[in-house]
Amino acid sequence: MTNTMWGGRFAGSPAAIMEEINASIGFDKRLWRQDIQASKAHVAMLGATGILTAKEASTIARGLDKVAAEIEAGQFDFKPELEDIHLNIESRLAELIGPVAGKLHTARSRNDQVATDFRLYVRDEIDAILHLIAGLQLALGNKAEAHAATVMPGFTHLQTAQAITFGHHCLAYVEMLARDRGRFEGARKRLNECPLGAAALAGTGFPIDRNATAEALGFARPAANSLDAVSDRDFALETLAAACIAAMHLSRLAEEMVLWTSPQFGFARLSDRYTTGSSIMPQKRNPDAAELVRAKLGRIAGAFQALLMVMKGLPLAYAKDMQEDKEPVFDALDALKLGLAAMTGMVQDLEPDAAAMAEAAAKGFSTATDLADWLVRELGLPFREAHHATGRIVALAESKGCGLADLSLADLQSVEPRLTKGVFSVLEVENSVKSRTSYGGTAPSRVRAEAKRWIKRLEKDAPRDRKKVKGPGSRP
Ligand code: ARG
């Protein structure tokens, strides 16, 4: 049987393998809500402009509602021989309301139809992601406030560098995530132009009203060039690029959780809710969720690469290659949403061990910079000289197997005779952290104020039920 939707000039039917490679219904059925939404906007416009009679338009609109109800109720029979979501819906519409259904496709093509549906879908996804990121930021902001004065070692090269507070560390991620939101918001703004009415590629001779459909679908304006409107997938690429960077941020936090919860670090604990056991080693408590979040970037970056390669070198306008745009986007955005939800749960769950962190912070000569700064401030030494003298004191402590604060004044004076006992106040990590009051610094007073500022801003944007973070769930 030839395709009933476009088979007029065909005598034979497609090979089975042709049907298999051509069909997208297996995955694009996810776009059904957007397809119905866009069709309803289109048919309302056809009615309003007199291209269809008011009666035809309302019959079609009611038929589309019926189709939607069937899909919603799980009573819709998706047929691969009807290729995609657009033809499946239109064909069912014809069964329900008869030949008038054929008027829905007036002044429209599947090219502008799919471009519109997909933009609507990606726009919805961006909104969901923005909400989830705000939720994660809020969880981090709350942790930061609770741990504004919890001292931990700060690292560079994963070597103890200077003491910081755990709250400060949490707020670093809040900043990263704020930039991620900015990228998604930027992508959403550029995405928000309506392709509907571009038709196949050249526009249409029917007196359509593109402003009306754009407005009905919540777009800022109709896309200005019909060729560009059906050819463009920048909006999907840009969203995936933003997703890659956000997933990269999640992977860094996930990796830190893996490190912190390892017995070797012992900085924090995840509860039974976010860990798993081993089937052979009874003592194990594995941070699987963190590891999986760390891994998600793999598929998200793969999706970006996949779509970029699909689009590379495609001549204008539509080509069937572009049907390959959907699966990577679906997969990547699902993965990001799941990663964000899991990370939010883990951040809420994570219990830092303040004593273990403080003990670790005192190790590794983390107040060496404070000692050098003291020499600069109190003795007027040039920083380079102070650095050198401090280096010798560190070597002395190392040879004695003790920390800087454990050296005697005589030990210290053997390197720099002008040192006084006043120096001991800066050798304690708490004092070190307290002293870093510069703008953006780790002093608890700063961290507390920053955490409060963020929480106030975020409470507006974050998911309402902050205790129970729900996963994105699966769509039909
Ligand atoms: N299923 C198609 C896609 O996702 C819809 C557009 C088909 N257009 C066409 N000219 N065959 O790209």
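Residues numbered from 1 in each chain as written. Predicted model: local features only at pLDDT ≥ 70, side-chain atom pairs only at ≥ 80, totals over all residues. Heavy atoms only, no water.

1. Remarks on helix α18 (residues 444-461)
Then, number 1: Counted at 1.5 Å a residue, the expected span for α18 with its 18 residues is 26 Å, and the 26 Å between its end C-alpha atoms agrees.
Then, number 2: Those residues of α18 not exposed but buried are Pro444, Val447, Ala451, Trp454, Ile455 and Leu458.
Then, number 3: Tucked inside the fold, the buried residues of α18 contact α6 (110-146), β2 (159-165), α7 (166-191) and α17 (429-435). (Helix = DSSP H or I, 4+ residues; strand = E, 2+ residues; numbered from the N terminus. Expected span 1.5 Å × (residues − 1). Buried < 20%, exposed > 50% of the residue type's maximum accessible area, 1.4 Å probe, protein only. Contact = heavy atoms within 4.5 Å.)

2. A look at the packing of aromatic side chains
Then, number 1: Evaluation of the coordinates by the stated rule reveals eight aromatic pairs.
Then, number 2: On the numbers, 4.9 Å between centres and 65 degrees between planes, the contact of tyrosine 121 with phenylalanine 330 is edge-to-face. Separated by 209 residues along the polypeptide, tyrosine 121 in helix α6 and phenylalanine 330 in helix α12 (residues 326-349) bring together distant segments of the chain. The pair tyrosine 121 / phenylalanine 330 is uniform in exposure class, with both members buried.
Then, number 3: Ring pairing ties together the aromatic residues Phe118, Tyr121, Phe235 and Phe330, which thus form one cluster.
Then, number 4: Taking NZ or CZ as reference, arginine 123 lies 4.8 Å from the ring centre of phenylalanine 219, over its face.
Then, number 5: Lying across the ring of tryptophan 454, arginine 453 places its NZ or CZ 5.2 Å from the centre. (Phe/Tyr/Trp six-rings, centres within 6.5 Å; stacked < 30°, edge-to-face > 60°. Lys NZ or Arg CZ within 6 Å of the ring centre and 35° of its normal.)

3. Topic: the site of the ligand
Then, number 1: All residues adjacent to the ligand are Ser24, Asp28, Asp84, His86, Arg110, Asn111, Val114, Tyr318, Gln323 and Lys326.
Then, number 2: Between a nitrogen atom of the ligand and a side-chain N or O atom of asparagine 111, the distance comes to 3.0 Å.
Then, number 3: Tyrosine 318 has a polar side-chain atom sitting 2.3 Å from an oxygen atom of the ligand.
Then, number 4: Here the ligand, which alone exposes 340 Å², has 86% of that area covered by the protein.
Then, number 5: In terms of residues, the shell around the ligand owes the most to one element, α6, which gives three residues. (Near = heavy atom within 4 Å. Polar contact = N/O pair within 3.5 Å; in protein donor to acceptor, adjacent residues only side chain to side chain. Areas by Shrake-Rupley, 256 points an atom, 1.4 Å probe, with all protein chains shown as cover.)

4. Considerations on the confidence of the model for the protein
Then, number 1: Per-residue confidence for the protein gives a mean pLDDT of 94; residues scoring 70 or more make up 97%.
Then, number 2: Within the model, the stretch residues 466-476 combines pLDDT values under 50 with 19 contacts to residues more than four positions away or in other chains. (pLDDT = per-residue confidence, 0-100.)

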